[in-house]
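Tertiary structure, described
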Amino acid sequence: MDDIYFMKMALDLAKKGRGFTSPNPMVGAVIVKDDKIIGKGFHQAAGTAHAEIIALEDAGTLAQNATLYVNLEPCNHVGRTPPCTEKIIAAGIKRVVVAMRDPNPDVKGNGIDYLESHGVEVTSGVCEDQAIKLNEIFRRYIQTKRPFSIVKCAATLDGYIATKTGDSKWVSGKESRRYVHELRHAVDAIMVGINTIEKDDPSLTTRLENTDEGFKGLDPKRIILDTHLRISEQAKLLRVDSDSDTIIVTGNSVSRNKKTKLEKQGARVIESSVKHGLIDLPTLMDLLGELAITSLLIEGGGRVIASALSAGIVQKIILFFAPKILGGDDGVPICKGSGALRMNDCIPVKDIRIQRFGDDIMVEGYMSH
């Protein structure tokens, strides 16, 4: 067994925290001595013990002269919990293997330097690419204070997300829709436009029934782009039973009376700048970052998706293509509005991954900007 074997185990442990650790990263730790695992743990939620501490407690006195594997550089600063580096040194760990350095520019390398200065051997960069992808949301937010934004939609093979009547139930199959609810659980917030609310009246909640973990998933915050605050007070998402917030983003020239009524219903109405009659999305990303929203799932519709891509706020796309053909040119396209005039001006997508869900094909990729 080697470093890669045990680091992959730490990465698998880290994944157990998906959806629960925000705004913290997902971290797993494994302690090994004489090729035997003597301790392991993962970070379960913000404010709770870090993975390294749980693993050290699991190992107990056996941690003396052992090797610790962790997918993110141990912290060397006081936050909600004490520094992990001091606990690692006190436990007598002789070697620490790290997948990636802390992406926070203010602390990057501090944990490793501190450990090495106290006689602990440190190896870094083991399974680094996997570690970076696992915590791509944390990495983006800690460096920019803006959410990591994902465009997700389901479309026919000829590129439509709804018919001309607005009917979109269902474009994709149940396997794809289940995966979408896993995505909702994993992110802090979900965003749609007012047209989607008026046509579909969605609840925008997470529904994961009969999971192996035995939970239904956490609901993301629900963000509605509604420039003129025309949302109905009877909208389903204003009445949904959820621990998560509904945030309506509007312009600054809206009815104060309507705003007050919506707030009494429990919604949060925030005003943002408007550009060309639509909410200015780059400015909104700054506002959402201030609200500690680290990740955002943009579900549409077509105009919102096009605006998000045009504004350059998208880091990742997840498109589901169903084995259906609308067969006309009057449906609702994935992107609605003016696009590039030349192929050379299209938005490039890189690092493509393709996966099948039932008869649907998912295409996942990253924006090149």
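For the structure itself, consult the block above.
The notes below deal with the structure included here. (Residues numbered from 1 in each chain as written. Predicted model: local features only at pLDDT ≥ 70, side-chain atom pairs only at ≥ 80, totals over all residues. Heavy atoms only, no water.)

1. Focus on the packing of aromatic side chains
Heads up, the rule is: Ring geometry is summarised as follows: Phe, Tyr and Trp rings, the Trp one being its six-membered ring, pair when their centres sit within 6.5 Å, and such pairs are stacked at plane angles under 30 degrees, edge-to-face over 60 and tilted between the two. Only runs of H or I of at least four residues qualify as helices and only runs of E of at least two qualify as strands under DSSP, and these elements are numbered from the N terminus. Between buried and exposed lies partly exposed: a residue is buried under 20% and exposed over 50% of the maximum accessible area for its type, with that area taken using a 1.4 Å probe on protein chains only.
Within this structure, the stated rule accounts for five aromatic pairs. An angle of 35° between the planes, with centres 5.3 Å apart, marks the rings of Phe6 and Tyr69 as tilted. Pair noted here: Phe6 is in helix α1 (residues 3-15) and Tyr69 is in strand β3 (residues 67-72), with a separation of 63 residues, a long-range link. Each member of the pair, Phe6 together with Tyr69, is buried. A centroid spacing of 6.3 Å and a plane angle of 70° characterise the contact between Tyr179 and Phe320, whose relative ring orientation is edge-to-face. With Tyr179 in helix α7 (residues 174-186) and Phe320 in strand β15 (residues 316-321), this pair connects stretches of sequence that are 141 residues apart. Judged on exposure class, the residue Tyr179 and its partner Phe320 are both buried. Taken together, Tyr5, Phe6 and Tyr69 form an aromatic cluster joined through their ring pairs.

2. What about unusual backbone geometry?
The linkage connecting Ser22 with the following residue, Pro23, adopts the cis geometry, with an omega of 5°. With respect to the helices and strands, the residue Pro23 is situated in the loop between α1 and β1 (28-33). A cis amide bond, omega -15°, links Lys169 with the succeeding residue Trp170. Relative to the assigned elements, Trp170 resides in the loop between β7 (160-162) and α7. Unlike most non-glycine residues, Asn65 shows phi in positive territory, near 65°. Relative to the helices and strands, Asn65 is located in the loop between α2 (51-59) and β3. The phi dihedral of Leu204 falls on the positive side, at around 55°, and the residue is not glycine. Here Leu204 shows up in the loop between α8 (194-200) and β9 (221-225).

3. What to know about the sheet that holds strand β5 (residues 121-124)
Selection criterion: If DSSP finds at least two bridges between two strands, the strands pair. What counts as an axis is a line fitted to C-alpha atoms, over the stretch in contact for a helix, and the angles between N-to-C directions run from 0 to 180 degrees. The contact definition used throughout considers only heavy atoms, calling two residues in contact when any of these lie within 4.5 Å.
If you walk across this open sheet you meet the five strands as β2-β1-β3-β4-β5, and the pairing is mixed. Sheet topology places β2 (36-42) and β5 at the edges, where each strand pairs with a single neighbour. On average, each strand axis in the sheet is inclined to that of its neighbour by 20°, with strand direction left out of account. Looking at chain direction, β3 and strand β4 (residues 95-100) are connected through five bridges and run parallel. The residue of β4 that forms the bridge with Val70 is Val98. Running over the sheet, α2 touches β1, β2 and β3 and is turned about 140° from β2.

4. With respect to the pairing of strand β11 (residues 268-271)
In the case of a regular strand, side chains alternate between the two sheet surfaces. For clarity, the cut-off: Viewed with both strands pointing away, a crossover whose connecting path from the first strand over the helix to the second turns clockwise is right-handed.
In this structure, strand β10 (residues 246-250) lies alongside β11, joined through four bridges in parallel fashion. The partner of Ile248 across the bridge, within β11, is Val269. Viewed along the sheet, the connection from β10 through helix α9 (residues 256-264) into β11 turns out right-handed.

5. Examining a positive patch on the surface
Stated precisely, the cut-off is as follows: Patches here: salt-bridge-free residues with over 30% relative accessible area, like charges joined within 9 Å, nonpolar side chains (Val, Leu, Ile, Met, Phe, Trp, Tyr) joined within 5 Å. To be clear on the numbers: accessible area is Shrake-Rupley with a 1.4 Å probe, and residue cover counts the displayed protein chains and nothing else. For this analysis, a salt bridge means a side-chain nitrogen from Lys or Arg found within 4 Å of a carboxyl oxygen belonging to Asp or Glu. Charge convention: Lys and Arg are scored as positive, Asp and Glu as negative, and His as well as the terminal groups of each chain are ignored. To locate a charge, take NZ of a lysine, CZ of an arginine, CG of an aspartate or CD of a glutamate.
Among the surface-exposed residues, Lys169, Arg207, Lys236 and Arg239 lie close enough to one another that they form a single positively charged patch. Of note, Arg207 is situated in the loop between α8 and β9.

6. A word on the state of the cysteines
We apply this condition: By definition, disulfides here are pairs of cysteine sulfur atoms that lie within 2.5 Å.
Enumeration according to the criterion identifies zero disulfides in this entry. With no disulfide of its own, Cys335 lies closest to Cys153 among cysteine sulfurs, the gap being 7.6 Å. With a relative accessible area of 36%, Cys335 lands in the partly exposed category.

7. Section: the sheet that holds β15
Reading across from one edge, β11-β10-β9-β8-β14-β6-β15-β18-β17 is the order of the nine strands in this open sheet, with mixed pairing throughout. The sheet terminates laterally at β11 and β17 (349-357), the two strands that pair on one side only. Shown here is a sheet whose adjacent strand axes are inclined to one another by a mean of 20°, direction ignored. Lying on the sheet, α7 is in contact with β6 (148-155), β8 (189-193), β14 (295-300), β15, β17 and β18 (360-367); it crosses β14 at an angle near 145°. Helix α10 (residues 281-290) contacts β6, β8, β9, β10, β11 and β14 of the sheet and is inclined by roughly 155° relative to β9.

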